[in-house]
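Chain residues, written in single-letter form:
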Amino acid sequence: MGFKFCTITSGSSGNCIYVGTPKVNILVDAGISGIKAQRGLEKIDVNPASIDGIFITHEHIDHIKGVGILTRRFDIPLFATKKTWEAMDEMEKVLGKISSNNRIIIEKDKDFILEDLVIHPYAIPHDASDPVGYTFVHNNKKISLATDLGHVNDKIKDNIRESSLILLESNHDIDMLINGSYPYYLKRRILGDYGHLCNEAAGKILVEVFHDKLETVVLGHLSKENNYPKLAYNSVKSTLIDAGIELEGKVELTVAGRDELSKLFRL
Ligand SMILES: [Zn+2]
Ligand SMILES: [Zn+2]
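The paragraphs below set out a description of the structure included in this document. Predicted model, so just to flag it, every value in this text is computed and none were measured. (Residues numbered from 1 in each chain as written. Chains lettered and ligands numbered in written order. Predicted model: local features only at pLDDT ≥ 70, side-chain atom pairs only at ≥ 80, totals over all residues. Heavy atoms only, no water.)

## Here we look at the overall build of the chain
And step 1. Looking only at helices and strands, the chain features 10 helices and 14 strands.
And step 2. The dimensions of the chain, computed from C-alpha atoms along their principal axes, are 50 × 45 × 35 Å.
And step 3. As presented, the chain carries roughly 12000 Å² of accessible surface, and 49% of it is formed by carbon and sulfur atoms.
And step 4. Measuring between centres, the 32 positive side-chain charges of the chain sit 3 Å from its 37 negative side-chain charges. (Helix = DSSP H or I, 4+ residues; strand = E, 2+ residues; numbered from the N terminus. Areas by Shrake-Rupley, 256 points an atom, 1.4 Å probe, with all protein chains shown as cover. Lys, Arg positive; Asp, Glu negative; His and termini not counted. Charge placed at Lys NZ, Arg CZ, Asp CG, Glu CD.)

Structure, rendered in structure tokens:
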């Protein structure tokens, strides 16, 4: 039970995810203020100074808002692809100065090992410079993070197969989005191939990657305007039931809070 996972926040107003093993503590993104990330970690008894790295998915503000503060305050290395670094360097106003020691370049489809944790960045279709999702393996268990997906292709499915825990985007309900107050261009962006994943699509993907050893599904990155937790949960659950998949007693399906911590999952 040494593999730990917690969403500190998840949603279009800020994403910050914790993954831990007996030897390593990391964050994926910190799209919230430094102090909020710090308090979130303290709630799960993780000393922010013990964070070994922040793995960045892409340069959108809901993913990197606090990374500059955190790297300076606690001397935490930041990991991102080369093109994501280039995009972040153009946002110095937001991020501030980042010391060269803490700028680490990772490559897609190439494992990165930190002590007892294997980190695997993979390409995702989203409207950023070079966005990635991550899978993490420790002690034969796998955690997959798959949010900010305009659509899902076979490569993504292959990456997230065999997971014990999946954090999967369930961003919006299509009807709420279409009938909602967002301007036309924004609706198009979200619905587009490089936007965000709807509840229905999340359910369909789960049906495809479902397997006997899946323990936990966390739906995340919910839109504030175009979704609500109960709707995302019911939509995904009914897609699974329609496909003949029973969750009861086997798989925990839950929705990550936009603003409050999930429980600390242990695998
Ligand atoms: Zn984004
Ligand atoms: Zn996002």
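## Considerations on the coordination of the zinc ion (ligand 2)
And step 1. Within the protein, the atoms that donate to the zinc ion (ligand 2) are D62 (OD), H63 (NE2), D148 (OD) and H221 (NE2), at distances of 2.1 to 2.4 Å.
And step 2. Note that the zinc ion (ligand 2) binds 4 donor atoms; their angles at the metal cover 91 to 168 degrees, and the shape is irregular.
And step 3. Sequence spacing of the donor residues for the zinc ion (ligand 2), all on one chain, is D-H-x84-D-x72-H.
And step 4. Taken as a pair, the zinc ion (ligand 2) and the zinc ion (ligand 1) show a spacing of 3.5 Å. (Donors = N, O, S within 2.8 Å, 3.2 Å for Na, K, Ca; no water. Tetrahedral: all angles 85-135°; square planar, octahedral: opposite > 155°, others 65-115°.)

## Side note on the packing of helix α1 (residues 34-43) against helix α3 (residues 67-74)
And step 1. Remark: α1 packs on α3, axes separated minimally by 8 Å, with the N-to-C direction vectors making an angle of 65 degrees. Of the residues in α3, those touching α1 at G34, I35, A37 and Q38 are I69, L70, R73 and F74.
And step 2. Residues that form the contact of α1 with α3 fall into these classes: 5 nonpolar, 2 polar and 1 charged. (Axes fitted to C-alpha atoms, helices over the stretch in contact; angles between N-to-C directions. Contact = heavy atoms within 4.5 Å. Nonpolar A, V, L, I, M, F, W, Y, C, P; charged D, E, K, R; others polar.)

## A look at the coordination of the zinc ion (ligand 1)
And step 1. Each protein donor to the zinc ion (ligand 1) is listed here as H58 (NE2), H60 (ND1) and H126 (NE2); together their distances run 2.1 Å.
And step 2. Using a relative accessible area of 0% as the deciding quantity, one classes H58 as buried.
And step 3. Take H126: its relative accessible area is 4%, and that puts it in the buried class. (Buried < 20%, exposed > 50% of the residue type's maximum accessible area, 1.4 Å probe, protein only.)

## Examining the nonpolar core
And step 1. In this structure, Y18, L27, L41, I54, I56, V67 and L70 are the most contacted members of the largest nonpolar core, which totals 26 residues.
And step 2. Contributions of two or more residues to this core are made by β1 (4-9), β2 (16-20), α1, α3, β5 (78-80) and α4 (82-89).
And step 3. Among the elements that line this core, the one with the most residues is α3, at 3 residues.
And step 4. Residues contacting I54, with those up to four places away along its chain left out, are L27, D29, A30, V67, L70, I76, P77, L78 and F79.
And step 5. Residues L149, V152, L168 and V217 belong to the second largest nonpolar core, which totals 25 residues. (Core = buried A, V, L, I, M, F, W, Y, C linked by side-chain atoms within 4.5 Å.)

## Some points on the packing of helix α9 (residues 199-209) against helix α10 (residues 229-242)
And step 1. Viewed as axis vectors pointing N to C, α9 and α10 meet at an angle of 40 degrees, and their least axial separation amounts to 8 Å. The angle between the axes of α9 and α10 places the two elements in the oblique class. Between α9 and α10 lies a crossing of right-handed hand. On α10, the residues that touch N199, E200, A202, G203, K204, L206 and V207 of α9 are L231, A232, S235, V236, T239 and L240.
And step 2. Partitioning the contact of α9 with α10 into residue classes produces 7 nonpolar, 4 polar and 2 charged. (Parallel < 35°, antiparallel > 145°, perpendicular 65-115°, else oblique. Left-handed = near helix turned anticlockwise from the far one by under 90°.)

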